[in-house]
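Below, each chain spelled out in residue letters.
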Amino acid sequence: MLVECYDVGGTSIRGALVNKGSLVEKVKESTEKDFCSQIRKISKILRKNNQPASLVVIVPGPVDKGVMLNAPPLGISRSINIKKELSDLCDNIHIANDIDAAIEAEIKYGAGISLGSFYLLTISTGIGSALAVNGKRVENFAGEFGHTVLERRDKFSFYCGCSNYGCWVSLSSGMGIMNLAGIYLGKRISAEDVFKLAESKNHIAERIIKRAKDYNAQGIGNMINVMPVEGIVVMGSIGIEQFDKIIPGVYEIKKYTIFKNRIPKIIKTKLGDDIGLLGASVIGEK
Ligand SMILES: [Zn+2]
């Protein structure tokens, strides 16, 4: 079954025709403000030789019945009825959240091959999660561990976009590492620059990363306290590229969970940048 898939991200939009997990055609462009019109243009390229049986668009924000409610990574705070806007392109059209789609890809093509119950944890500009139990995505699982409050001390309880202070996402995501740089280095440099500084043995940058890793241990400890699982699969730009530096080890996580003997294995996703498109195809095949 051929599925036309779109993964709309903050910086790039990916489109592809996917057949049983294989990407037949693939297009990647910088995301434009009016991404629905952009999808129409890409669709003409993808459909040159093939007609899809279904069309799936995944977006970085909450979705309800084909309507994207908002999408902070796209700078969109209003709702958009994507299903209605693109309804003429295909009779069988689905709109889904990107992390929900990603865990569908992991279940079918990634960690799910060997694990029944696992979390998918994304660490990039933000922090989000999805949950699979007995080989199935848990529906209506909010996955907002990023907004659990980890820090109440004035100095570190940074303001978060959710209007709270001290959320996990404000401490060790890309934005969080920038916040920590503001305290330790006196200027809010990007997470990328903090990692570069640490590579050149800058002790303050090393301290920032150690601190971010400890917050991740605390956050992951909370996740395990809520639901002990067999594994945690990490994705997202920081999660993948800086895995060895910011993902805590067993002993660090043990400090923050009561399930001392049930620390799951923590692994990087093996699906790379195509995880969203693969997940979209799984949704389109259902
Ligand atoms: Zn928050």
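Residues numbered from 1 in each chain as written. Predicted model: local features only at pLDDT ≥ 70, side-chain atom pairs only at ≥ 80, totals over all residues. Heavy atoms only, no water.

K.L.:
I'd like to hear about the sheet that holds strand β6 (residues 67-68), residue by residue, with values.
P.N.:
Pairing within the open sheet is antiparallel, and its three strands lie in the order β5-β6-β7. Edge positions in the sheet fall to β5 (63-64) and β7 (80-81), since each of these pairs with one other strand and no more. Bridge count between β5 and β6: two bridges; the pairing is antiparallel. The residue of β6 that forms the bridge with valine 63 is methionine 68. (Pairing = 2+ DSSP bridges. Helix = DSSP H or I, 4+ residues; strand = E, 2+ residues; numbered from the N terminus.)

K.L.:
Kindly report on the nonpolar core, identifying the contributing residues and their values.
P.N.:
If you look at the biggest cluster of nonpolar residues, it comprises 42 residues, and the most contacted ones within it are Leu121, Trp168, Leu180, Val194, Ile220, Ile232 and Ile266. At the level of secondary structure, the elements contributing two or more residues to this core comprise β9 (118-123), β10 (127-133), α4 (169-172), α5 (174-184), α6 (191-199), α7 (203-226), β12 (231-235) and α9 (243-246). Setting aside chain neighbours within four positions, we find tryptophan 168 in contact with Leu121, Ile127, Phe145, Gly146, Thr148, Leu150, Ser173, Tyr215, Asn216, Gly219, Ile220 and Met223. Ranked by size, the runner-up nonpolar core spans 25 residues in total, among them Leu55, Ile80, Cys90 and Ile93. (Core = buried A, V, L, I, M, F, W, Y, C linked by side-chain atoms within 4.5 Å. Buried < 20%, exposed > 50% of the residue type's maximum accessible area, 1.4 Å probe, protein only. Contact = heavy atoms within 4.5 Å.)

K.L.:
Any details on the coordination of the zinc ion? Residues and values, ideally.
P.N.:
In this structure, His147 (ND1), Cys160 (SG), Cys162 (SG) and Cys167 (SG) serve as the protein donors to the zinc ion, at separations of 2.0 to 2.3 Å. One can describe the site at the zinc ion as tetrahedral: its four donor atoms subtend angles covering 102 to 123° at the metal. Each donor residue of the zinc ion lies on the same chain, and together they follow the pattern H-x12-C-x1-C-x4-C. Cysteine 167 shares its class with cysteine 160; the two are buried. (Donors = N, O, S within 2.8 Å, 3.2 Å for Na, K, Ca; no water. Tetrahedral: all angles 85-135°; square planar, octahedral: opposite > 155°, others 65-115°.)

K.L.:
Account for the domain arrangement of the protein, naming residues and giving values.
P.N.:
When cut into domains, the protein gives domain 1 (2-103 + 273-285) and domain 2 (115-269). Taken together, the contacts link five residues of domain 1 with eleven residues of domain 2. With both sides pooled, the region where domain 1 packs onto domain 2 buries about 660 Å², and carbon together with sulfur makes up 82% of that total. Considering only the side of domain 1, the residues that lose the most area to domain 2 are Ile99, Ile103 and Ile275, jointly responsible for 79% of the buried surface there. One can count one salt bridge joining domain 1 with domain 2. The shortest N-O distance in the salt bridge between aspartate 100 and arginine 137 comes to 3.6 Å. Applying the counting rule to domain 1 against domain 2 returns zero residue pairs in polar contact (both at pLDDT 80 or more). When its residues are assigned to classes, the side of domain 1 that touches domain 2 shows four nonpolar, no polar and one charged. (Domains from an automatic or database assignment. Buried area = accessible area lost by both parts, 1.4 Å probe. Salt bridge = Lys/Arg side-chain N within 4 Å of Asp/Glu carboxyl O. Polar contact = N/O pair within 3.5 Å; in protein donor to acceptor, adjacent residues only side chain to side chain. Nonpolar A, V, L, I, M, F, W, Y, C, P; charged D, E, K, R; others polar.)

K.L.:
Outline the packing of aromatic side chains, listing residues and values.
P.N.:
For any pair of aromatic rings, the description consists of the separation of the ring centres together with the inter-plane angle of the planes. Under the definition given, this model contains five aromatic pairs. Taken together, a centroid distance of 6.3 Å and an interplanar angle of 45° make the contact between tyrosine 119 and phenylalanine 141 tilted. Residue tyrosine 119 is located in strand β9, and its partner phenylalanine 141 is located in the loop between β11 (136-137) and α4; the two are separated by 22 residues in the primary sequence. Classification of tyrosine 119 as buried rests on a relative accessible area of 0%. A residue is classified by how much of its surface remains accessible, and phenylalanine 141, at 22% relative accessible area, is partly exposed. (Phe/Tyr/Trp six-rings, centres within 6.5 Å; stacked < 30°, edge-to-face > 60°.)

K.L.:
Kindly report on the environment of serine 77, identifying the contributing residues and their values.
P.N.:
Residue placement: serine 77 occurs in the loop between β6 and β7. C-alpha separation for the pair serine 77 and glutamate 29, spaced 48 residues apart in sequence, amounts to 22 Å. If we skip the residues at most four places from it in the chain, serine 77 touches Leu69 and Asn70.

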